[in-house]
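Residues per chain, in single letters:
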Amino acid sequence: MSLFRKIFGLKSENKDEELKSNDRGKYMPEIKLPIDERFTINFKANGGKFLYCEDLNEIFQNLQSIINENGWQEKNVLIIDNQLESKFQNSNLKITNRISDSSFFLTTCENLIANDGSLLISSRQIFEKKLPELPFNFIVFATTSQIVESIGEGLRGIKSNNRKKIPTNITTIKHFKSGDEKDFLSYGSSAKNLYLLLLEDL
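Residues numbered from 1 in each chain as written. Predicted model: local features only at pLDDT ≥ 70, side-chain atom pairs only at ≥ 80, totals over all residues. Heavy atoms only, no water.

**Re the packing of aromatic side chains**
Move 1: Tallied over the full model, the rule gives six aromatic pairs.
Move 2: Seen in terms of ring centroids, Phe-60 and Phe-88 are 5.4 Å apart; in terms of plane orientation they differ by 85 degrees. Their pairing is edge-to-face. With Phe-60 in helix α3 (residues 56-70) and Phe-88 in the loop between α4 (82-87) and β3 (94-96), this pair connects stretches of sequence that are 28 residues apart.
Move 3: The exposure class assigned to Phe-60 is partly exposed, which follows from its relative accessible area of 28%. (Phe/Tyr/Trp six-rings, centres within 6.5 Å; stacked < 30°, edge-to-face > 60°. Helix = DSSP H or I, 4+ residues; strand = E, 2+ residues; numbered from the N terminus. Buried < 20%, exposed > 50% of the residue type's maximum accessible area, 1.4 Å probe, protein only.)

Dropping the structure here:
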């Protein structure tokens, strides 16, 4: 940028002309944001609600805030995972294993995908249920170590971590907005009102 432009703030006659001193060269590699930052940006762009937690106490506090905010104190929560149920046993949740009786679903996921802000899930979280069968409201408990670059990396992780029995029903949740806000690329997918409780474990 011209020194005079810097001092006097003069504008170019050509409005389309943009001169930036910090512009990178055409062939310079792009600066990549850290993987957790990219996931957060893309996840929020998809309409997800994100709560970062430093310890389990914060997880429990934020879970209670979500329940209070939505008026779910007297509503049933669907929990399929027995380990997750025992982790949240002191949270005064009204737990059910029947989808028809539940107002929201508390679950884990396989991975958090940085490059598109989606969540990778499998039969370990949802058994053989299809996403549209599950409650519209999701609360997902995950850790920062579950963030991976791409779906391919997540699938490789599932395969290597479950050599004896690879989970089935592997899918992604990417759309966290109501149906009228989705575009044609999301056709056929099931939008969810989704909160992510992300625990720092790295």
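Continuing now.
**As for the side chain of Asn-193**
Move 1: Here Asn-193 is to be found in strand β10 (residues 193-199).
Move 2: The class for Asn-193 is buried, based on a relative accessible area of 13%.
Move 3: Look past the residues within four positions of Asn-193 in its chain and what remains in contact with it is Lys-49, Phe-136, Asn-137 and Phe-138. (Contact = heavy atoms within 4.5 Å.)

**So, a nonpolar patch on the surface**
Move 1: Residues Ile-151, Leu-155, Ile-166 and Ile-170 make up a contiguous nonpolar surface patch of about 290 Å² in total accessible area.
Move 2: Relative to the helices and strands, Leu-155 resides in helix α6 (residues 151-161). (Patch = residues over 30% accessible without salt bridge, like charges linked within 9 Å, V, L, I, M, F, W, Y side chains within 5 Å. Areas by Shrake-Rupley, 256 points an atom, 1.4 Å probe, with all protein chains shown as cover. Salt bridge = Lys/Arg side-chain N within 4 Å of Asp/Glu carboxyl O.)

**Regarding the sheet that holds β3**
Within a sheet, each strand pairs with its neighbour through backbone hydrogen bonds, oriented either parallel or antiparallel.
Move 1: The parallel open sheet is built from six strands, whose spatial order is β1-β10-β7-β4-β2-β3. For this open sheet the edge positions go to β1 (49-53) and β3, each flanked by a neighbour on one side alone. For this sheet, the mean inter-axis angle between neighbouring strands, taken without regard to orientation, is 25 degrees.
Move 2: Looking at chain direction, strand β2 (residues 76-78) and strand β4 (residues 104-107) are connected through two bridges and run parallel. The residue bridging Leu-78 from the neighbouring strand is Phe-105, located in β4.
Move 3: Its contacts with the sheet place helix α2 (residues 35-45) against β1 and β10, and it is angled at close to 150 degrees to β1.
Move 4: Contacting β1, β4, β7 (137-143) and β10, α3 runs over the sheet at an angle of about 165 degrees to β10. (Pairing = 2+ DSSP bridges. Axes fitted to C-alpha atoms, helices over the stretch in contact; angles between N-to-C directions.)

**Some details on the layout of surface pockets**
Move 1: Here the largest pocket defines a volume of roughly 270 Å³.
Move 2: Lining of the largest pocket is provided by 13 residues; of these, Asp-81, Gln-83, Thr-108, Cys-109 and Arg-124 occupy positions nearest its centre.
Move 3: If you list the elements that add at least two residues to the lining of the largest pocket, you get α4, α5 (123-126) and β7.
Move 4: Tallied by class, the residues present in the lining of the largest pocket amount to four nonpolar, five polar and four charged. (1 Å grid on protein atoms, 1.4 Å probe; cavity = no way out; pocket = protein on both sides within 12 Å on 5 of 7 lines; lining within 4 Å. Points joined across faces, edges and corners; volume = space filled by probe spheres on them. Nonpolar A, V, L, I, M, F, W, Y, C, P; charged D, E, K, R; others polar.)

**Re the pairing of strand β6 (residues 118-121)**
Move 1: Along β6, one buried face is formed by Ser-118 and Leu-120 and the opposite face, lined by Leu-119 and Ile-121, is buried too.
Move 2: Pairing geometry for strand β5 (residues 111-113) and β6, over three bridges, is antiparallel. Opposite Leu-112, over in β6, you have Leu-119 as the bridge partner.
Move 3: Judged from the three bridges that link them, β6 and strand β9 (residues 171-173) form a sheet pairing that is antiparallel. Each residue of the ladder has a partner; that of Ile-121, found in β9, is Thr-171.

**Focus on the environment of Asn-97**
Move 1: Along the chain, the position of Asn-97 falls in the loop between β3 and β4.
Move 2: You can call Asn-97 exposed: its relative accessible area is 65%.
Move 3: For the pair Asn-97 and Ile-79, spaced 18 residues apart in sequence, the C-alpha to C-alpha distance is 6.1 Å.

**What to know about α3**
Move 1: The end-to-end C-alpha separation of α3 is 21 Å, in line with the 21 Å expected for 15 residues at 1.5 Å each.
Move 2: All buried positions along α3 are accounted for by Ile-59, Asn-62, Leu-63, Ile-66 and Ile-67. The buried side chains of α3 occupy one side of the element, clustering within an arc of 140 degrees when seen end-on. Exposed side chains of α3 directed beyond 90 degrees from the buried face belong to Asn-57, Gln-61 and Glu-69.
Move 3: Where α3 is buried, its residues meet β1, β4, β7 and β10. (Expected span 1.5 Å × (residues − 1). Arc of directions from axis to C-beta.)

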